[in-house]
Amino acid sequence: LTEIKINPDAAVSGTRVLVMGNNAGEKLTYVDSTLARTDRTLDTPNTYNTFFISATDISVRGSSGGPVLNDKGEAVGMTCCGILRTNSSFYLPLQRVVRSLLYLRRGLRVPRGTLQIAFSYQTYEELSRMGVSDENLNLVREDQDEAEGMLVVNRILAQGTGYKAGMRHGDVLKSLNGNIVHNYVDLESVLDDSVESDVDVSIIRAGDQINLSVRVQDLYEICANEYIEVSRAVVHKLEYGLALACNIPAEGVFLASHGYMFKALRRTNAPSVITGIGEYDTPDLDSFQKAMEEYPNGSQVAVRYFSVADKTKTNFARVTVDKRWYPFVRAQRNDREGNWEVRNCAKPAQDSFTGANKVETKASGSSAELKNPLDATVHVTFSTPFSLDGIISLSCDGVGLVVDAQLGLVICERMTVPTTLGDIFVTFNSAKMVRAKAVFVHPFQEFSMIQYDTEEIKNDKLVNVCELELNRNSIHIGQELEYYAIDGEHNRLHSHCAVTSIMGLYLHATAENPRFVPRNTEYFMANESAKGIGGVYVDGKTKSVCGFNFFFSDKKFRGLRATDVIPYVDAVRLSLLKGEETPREISLLPVQLNNVPLVEARATLNLDDDWALKLLGTMDPYRR
């Protein structure tokens, strides 16, 4: 390797330079340019108190970090960013880089100081309008002929030492320690060399000169050097640059990545700062880690947070504590070794629900008339961190029916619970949410079965749960039913309806988008007036369930007959009663059957007339 000599003082307007980089992803490119100005500022995060070098060239993405060389082969800048529509490029000056190299070569940490203030560069004309006297302007001109302005306080944080010492927005910086300061290099030189020390600051406010003594704060104290990762979410201390941009304190737990657990916080477009989890306040990473260690896996907790775009408004979101799908670790940056030291946080407790619900003898004398079908209808939510089995969405919700209250057995649509790998919750009467697990997912039909923890609702006075029997008689066109449903806001819906049609379902899978497709399935349609997010069709007299209004895999609501699911419910119930594993094998014909009109079966498929006569007695109105 050949080292490049750095000469930051050679960066002057009019200098011909050669920009090296990987322009547009090429391995190595060279672009000729000419330096235009050396006092350009960029109003973007983390670019405060810096003069950038501007030029016009055809550099595009891929050259950031490349050297900007003069005709002597010396580096006078480093490619930083640009504006494509105007072919404008901006280079980072290297004065402070030279200083940093001196410390790094000696194995020392580079001192950085701050007043938690961002300055802007204003011209003499603007300074005159701000009340700066001609005498003060002439002092700056005499000190530096090339100077065209002075530094003005543009952003200032109330928690910073500059604000506490008396500096305010709009103050014009005249001198530091008695020396005139008119550019960012001189400003940063004084601050970096005076960490944890006091500096004499002279400012001009409304034409009056004010002298202050200001403590220089260590910049590393307000910069993030560690983070916590939990459920693939990443949190760390609020970074100073973002705090300065949003005018909020450089403190608090900043949510850098939502991950799986905090996906509910994505409703705010701007980044968020978490201020509390459950009953714990989280002003820093230590308190955040403690709160996460206290709550067991699967707990429902409220998260308090605010958006950096509106710090005055506190938001709330309900999240499910997750510490099983991803590591729960804390990492700290080791600047000497150049790596991250990662350690595990406290291990989560084992899930309390195993699915082994206690079965008691059912009370006799229960009347079907006393059962409210809405008490057997529950709201089911499902989420998974992994996109497996061709599932459409990582989070779904729908309606389920309690078919065995003592076992905690619920049947729901397969679109809601498409796989056993995920977190499932069941909500009763809009009052209680409990955990559940998938016990059966049919590979070729539109339903699944889940089991909830009956102990969690056993003594809850707000929860009234009943089970409904499944009607073992096939439904028919014209049959009158009652429809019970739940909408997305947990509101209960009820209407009367009638079966209007019974048809076969033919959905085709594609290799481009492989996912579950039902096979050899019939469905029915009814003229209910309120669908909600799903529901059940009940016989008005027996209060038994004749069918389900489920959301099918083609994203349409259809009716699933109870007679199609009864054999599987009986098998799963028997396995749970015996404490055995639920059925894993299903007998299916390895063919796809379709309905065809009777006329087509006779004309093209050579259906025998005797068979046609036999089928006429059971033929549906569509004569298939």
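Notes on the structure in this doc start here. Here the residue index of a chain counts from 1 through its sequence in written order. In keeping with the predicted nature of the model, local features appear solely for residues at pLDDT of at least 70, side-chain atom pairs appear and are counted solely at 80 or more, and the whole-chain, interface and lining totals rest on all residues. In computing side-chain values, all of the structure's heavy atoms are included and hydrogens and water are not.

Time to look at the overall build of the protein chain. A run of H or I in DSSP becomes a helix once it reaches four residues, and a run of E becomes a strand once it reaches two; helices and strands are each numbered from the N terminus. Of the regular secondary structure elements, the protein chain holds ten helices and 35 strands. Computed over the C-alpha atoms, the radius of gyration of the protein chain is 35 Å, more than 25% above the 25 Å expected from 2.2 N^0.38 for a compact globule of 624 residues. Taken over the C-alpha atoms alone, the protein chain extends approximately 110 × 60 × 50 Å along its principal axes. Across the 624 residues of the protein chain, 47% fall into the buried class. Of all intrachain contacts in the protein chain linking residues separated by at least 6 positions in sequence, the fraction that spans at least 24 positions is 62%. On the protein chain, the mean spot of the 66 positive side-chain charges and the mean spot of the 79 negative ones are 3 Å from each other. To get the radius of gyration, use the C-alpha atoms; to get the globule rule, take the number of residues to the power 0.38 and multiply by 2.2 Å. Accessible area is worked out with a 1.4 Å probe on protein chains only. A residue is then buried under 20% of its type maximum, exposed over 50%, and partly exposed in between. Any two residues whose heavy atoms approach within 4.5 Å are treated as being in contact. Within this scheme the basic residues Lys and Arg register as positive and the acidic residues Asp and Glu register as negative, but His and the chain ends are omitted. The location of each charge is read from NZ of Lys, CZ of Arg, CG of Asp or CD of Glu.

Looking now at the sheet that holds strand S2 (residues 29-40). A pair of strands counts as paired when DSSP detects no fewer than two bridges linking them. Pairing is antiparallel around the closed barrel formed by six strands, whose spatial order is S1-S2-S3-S6-S5-S4. Direction aside, neighbouring strands of the sheet carry axes that sit 45° apart on average. As defined by bridge partners, strand S5 (residues 75-83) adjoins strand S6 (residues 88-92) across five bridges and the pair is classed as antiparallel. Following the sheet pairing, Gly82 is matched in S6 by Ser89. Think of each axis as a best-fit line through the C-alpha atoms, taken over the contacting stretch in the case of a helix, with angles from 0 to 180 degrees between the N-to-C directions.

Listed as buried for helix H7 (residues 285-294) are Leu285, Ser287, Phe288, Gln289, Ala291 and Met292. In the core, the buried residues of H7 are packed alongside strand S15 (226-230), strand S16 (233-237), strand S17 (253-257), strand S18 (272-277), strand S19 (280-281) and strand S22 (329-334).

The next thing to look at is the packing of aromatic side chains. Each aromatic ring pair is summarised here by two numbers: the centre-to-centre distance and the angle between the ring planes. Any two of the Phe, Tyr and Trp rings considered here, Trp counted by its six-membered ring, make a pair once their centres fall within 6.5 Å; the pair's planes then place it as stacked at under 30 degrees, edge-to-face at over 60, or tilted in between. All chains considered together, the criterion is met by 15 aromatic pairs. Among the aromatic residues, those joined into a cluster by ring pairs are Phe51, Tyr121 and Tyr184. The residue whose ring lies beneath Arg106 is Tyr103, and the NZ or CZ to ring-centre distance is 5.1 Å. Sitting over the face of the ring of Tyr523, Arg558 holds its NZ or CZ atom 4.7 Å from the ring centroid. Lysine NZ or arginine CZ positioned within 6 Å of the ring centre and within 35 degrees of the ring normal marks a charge as sitting over the ring.

Moving on to the pairing of strand S34 (residues 545-551). Of all seven residues in S34, six are buried; the element is thus mostly enclosed. As judged from the four bridges shared by strand S33 (residues 535-538) and S34, these two strands associate in the antiparallel manner. Across the sheet, residue Val536 finds its bridge partner in S34, namely Phe548. In this antiparallel pair of consecutive strands, S33 and S34, the connection spans six residues, and Lys543 shows a positive phi of 55°. Both S34 and strand S35 (residues 557-561) contribute to a ladder of five bridges, which runs antiparallel. Directly across from Asn549, in S35, lies its bridge partner Gly559.

The next subject is the side chain of Asp375. As for its position among the elements, Asp375 is in the loop between strand S23 (339-344) and strand S24 (377-383). Assessed through its relative accessible area of 11%, Asp375 is described here as buried. By the criterion applied in these results, polar contacts are pairs of N or O atoms within 3.5 Å in which, for protein atoms, one can donate a hydrogen and the other can accept it, and in which residues neighboring in sequence qualify only through two side-chain atoms. For Asp375, the side chain forms a polar contact with the side chain of Asn429, separated by 3.4 Å.

It is worth spelling out the pairing of strand S12 (residues 198-205) at this point. Sheet analysis places strand S10 (residues 172-176) next to S12, joined by four bridges and oriented antiparallel. Pairing of Leu176 across the sheet is with Val201, part of S12. Counting the residues in the hairpin turn of S12 and strand S13 (residues 208-215) gives two residues, including Ala206, whose phi is positive at 55°.

Looking now at a nonpolar patch on the surface. Patch rule: a residue counts if its relative accessible area is over 30% and it has no salt bridge; like charges are joined within 9 Å, and nonpolar side chains (Val, Leu, Ile, Met, Phe, Trp, Tyr) within 5 Å. Under the convention used here, a 1.4 Å probe and the Shrake-Rupley method define accessible areas, while residue burial counts only the protein chains that appear. Think of a salt bridge as a Lys or Arg side-chain nitrogen and an Asp or Glu carboxyl oxygen that are within 4 Å of each other. Together, Leu589, Val591 and Leu593 make up an exposed nonpolar region whose accessible area comes to about 300 Å². Structurally, the position occupied by Leu589 is in the loop between helix H8 (566-578) and helix H9 (598-603). Residue classification places Leu589 among the exposed positions, given a relative accessible area of 61%.

Our next topic: the sheet that holds strand S27 (residues 423-428). Strand order in the closed barrel made by the six strands is S24-S25-S26-S29-S28-S27, with antiparallel pairing throughout. Strand after strand, the sheet turns through a mean of 40° between neighbouring axes, direction not considered. For strand S25 (residues 395-404) and strand S26 (residues 409-413), the ladder comprises four bridges, and the chain directions are antiparallel. Each bridged residue has a counterpart across the sheet, and for Val402 the counterpart in S26 is Val410. Contacting S25, S26, strand S28 (432-441) and strand S29 (447-452), H8 crosses the sheet at an angle of about 25° to S29.

What follows covers empty space enclosed by the protein. Cavities and pockets were defined on a 1 Å grid built over protein atoms only: a cavity is a set of grid points that admits a 1.4 Å probe from which the probe cannot escape, a pocket is an open set flanked by protein on both sides within 12 Å along at least five of seven lines, and lining residues are those with an atom within 4 Å of any such point. Grid points are joined across faces, edges and corners, and a volume is the space filled by probe spheres set on the points. The tally for this structure, following the rule as stated, stands at four cavities of 30 Å³ or more. In this structure, the second largest cavity spans a volume of roughly 60 Å³. Together, Leu374, Thr377, His379, Thr427, Asn429, Ser430, Ile486, His490 and Arg492 line the second largest cavity. Note that Gly is not counted as nonpolar here; it falls among the polar residues with everything else outside the nonpolar set of Ala, Val, Leu, Ile, Met, Phe, Trp, Tyr, Cys and Pro and the charged set of Asp, Glu, Lys and Arg. Grouping the amino acids of the lining of the second largest cavity by side-chain chemistry returns two nonpolar, six polar and one charged.

Here we come to the side chain of Lys543. Relative to the elements of secondary structure, Lys543 occurs in the loop between S33 and S34. Within the local environment of Lys543, its side chain forms a polar contact with the side chain of Tyr484, the two groups lying 3.4 Å apart.

Before going further, it helps to examine the environment of Val545. In this fold, Val545 is placed in strand S34. The exposure class of Val545 is buried, given its relative accessible area of 0%. In the structure, Val545 is positioned 142 residues away from Val403 in sequence and 9.6 Å away in space, judged by C-alpha atoms. Other than its neighbours up to four places away in sequence, Val545 contacts Leu401, Leu468, Glu469, Leu470, Asn471, Val536, Tyr537, Val538 and Ala562.

Moving on, we come to the nonpolar core. We call a set of buried Ala, Val, Leu, Ile, Met, Phe, Trp, Tyr and Cys residues a nonpolar core when their side-chain atoms join them within 4.5 Å. Counting 32 residues, the largest nonpolar core has Leu401, Ile411, Met449, Leu470 and Phe548 as its most contacted members. Per element, the largest residue contribution to this core is four residues, and it comes from H8. Sequence-distant contacts of Leu470, defined by excluding residues within four places in its chain, comprise Leu401, Val403, Val545, Phe548, Ala562, Val565, Ile566 and Val569. Core analysis: the second largest hydrophobic core is formed by 24 residues, Ile228, Val235, Leu255 and Val301 among them.

Topologically, Ala55 is positioned in strand S3 (residues 52-56). Residues Ala55 and Asn87, 32 residues apart in the sequence, show an inter-C-alpha distance of 8.6 Å. Beyond its immediate stretch of four places on either side in the chain, Ala55 contacts Ser33, Thr34, Leu35, Ala36, Asn87, Ser88, Ser89 and Tyr91.

Moving on, we come to the packing of helix H1 (residues 95-105) against helix H5 (residues 184-192). When two helices pack together, their arrangement is given by the angle between the helix axes and the distance between those axes. Two numbers describe how H1 lies on H5: the axes approach to 10 Å, and their chain directions differ by 25°. Accordingly, the angle class assigned to the pair H1 and H5 is roughly parallel. Each of Gln95, Arg96 and Arg99 in H1 lies in contact with H5, whose residues at this interface are Val185, Glu188, Ser189 and Asp192. Residues belonging to the contact of H1 with H5 are distributed by class as follows: one nonpolar, two polar and four charged. Oblique is the label for every angle not falling under 35 degrees (roughly parallel), over 145 degrees (roughly antiparallel), or within 65 to 115 degrees (roughly perpendicular).

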